[in-house]
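Structural overview
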Amino acid sequence: MAAAKKKPAKKAPAKKKAPAKKVAAKKKAPAKKPAAKKAPAKKKAPAKKPAAKKAPAKKPAAKKAPAKKKSTAKRKPNAAFMKAMTPSAALAAVVGSKPIPRTQVTKNIWAYIKKNGLQDAKNRRNINADDKLKAVFGGKKQVSMFEMTKLVNKHLS
């Protein structure tokens, strides 16, 4: 095997670097081309900037009113959503005939969809209607989940 070439010792870094403006001016000057191809040199990490001098202490600001504490109680639900609604006969076949809030109607419909595997396999945003849901969806075989809520609201009073 051939003897490995010795690498020249690295030069010690300069103690102070020139200000950024002068460094930028130096970079614009054309660099000398090396005579032979060499491996690219590793970039050095940027030097840390010296700590800024502390500004003189300011007078304390006027006291502010204490901030309101957030309550740990749960958020109050919107009364319109929590109002018990009576489902139509077609919707009652899916969610039950008792008056229940809109939020619970949606939860019950999704439970029915998941239980019967009615969510489309390719596009999960679509629901494939069975016989009970076709009556609710106005005879459509497939509706999007966003269209579903619009159609269900027509069956609540």
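Structure's up top.
Since the model is a prediction, treat every value here as computed from it, not as a measurement.

Attention now goes to the packing of helix 4 (residues 102-116) against helix 6 (residues 145-153). Angle between the axes and distance between the axes: these two values describe a pair of packed helices. Two numbers describe how helix 4 lies on helix 6: the axes approach to 11 Å, and their chain directions differ by 125°. Overall, the two elements helix 4 and helix 6 adopt an arrangement that is oblique. Helix 6 is crossed by helix 4, and the crossing has right-handed handedness. The residues of helix 6 that touch helix 4, namely those facing Arg102, Val105, Ile109, Trp110 and Ile113, are Met145, Met148, Val152 and Asn153.

Core analysis: the largest hydrophobic core is formed by 21 residues, its most contacted members being Ile109, Leu133, Phe137 and Met148. The set of elements that each furnish at least two residues to this core consists of helix 3 (89-95), helix 4, helix 5 (131-136) and helix 6. A per-element tally of this core places helix 4 first, with five residues. Dropping the residues within four chain positions of it, Ile109 is found in contact with Leu91, Val94, Val95, Met148 and Val152.

Next up on the list: helix 4. Along an α-helix, a turn takes 3.6 residues, which lines up residues three or four apart on a common side. For helix 4, built from 15 residues, the straight-helix expectation of 21 Å at 1.5 Å per residue is met to within 8% by its first-to-last C-alpha distance of 21 Å. Those residues of helix 4 lying buried are Val105, Ile109, Trp110, Tyr112 and Ile113. All buried residues of helix 4 fall inside an arc of 155° around its axis, so they share one side. Exposed side of helix 4, more than 90 degrees from the buried face: Lys107, Lys114 and Lys115 are the residues found there. Against the buried residues of helix 4 lie helix 3, strand 1 (126-128), helix 5 and helix 6. Among the residues trailing helix 4, Gly117 stands out with phi positive, at a value near 60°.

Structurally, the position occupied by Ala93 is in helix 3. A relative accessible area of 43% means that Ala93 is categorised as partly exposed. Sequence separation between Ala93 and Val136 is 43 residues; the distance between their C-alpha atoms is 9.5 Å.

Rules of the game
- Residues numbered from 1 in each chain as written.
- Predicted model: local features only at pLDDT ≥ 70, side-chain atom pairs only at ≥ 80, totals over all residues.
- Heavy atoms only, no water.
- Axes fitted to C-alpha atoms, helices over the stretch in contact; angles between N-to-C directions.
- Helix = DSSP H or I, 4+ residues; strand = E, 2+ residues; numbered from the N terminus.
- Parallel < 35°, antiparallel > 145°, perpendicular 65-115°, else oblique.
- Left-handed = near helix turned anticlockwise from the far one by under 90°.
- Contact = heavy atoms within 4.5 Å.
- Core = buried A, V, L, I, M, F, W, Y, C linked by side-chain atoms within 4.5 Å.
- Buried < 20%, exposed > 50% of the residue type's maximum accessible area, 1.4 Å probe, protein only.
- Expected span 1.5 Å × (residues − 1).
- Arc of directions from axis to C-beta.

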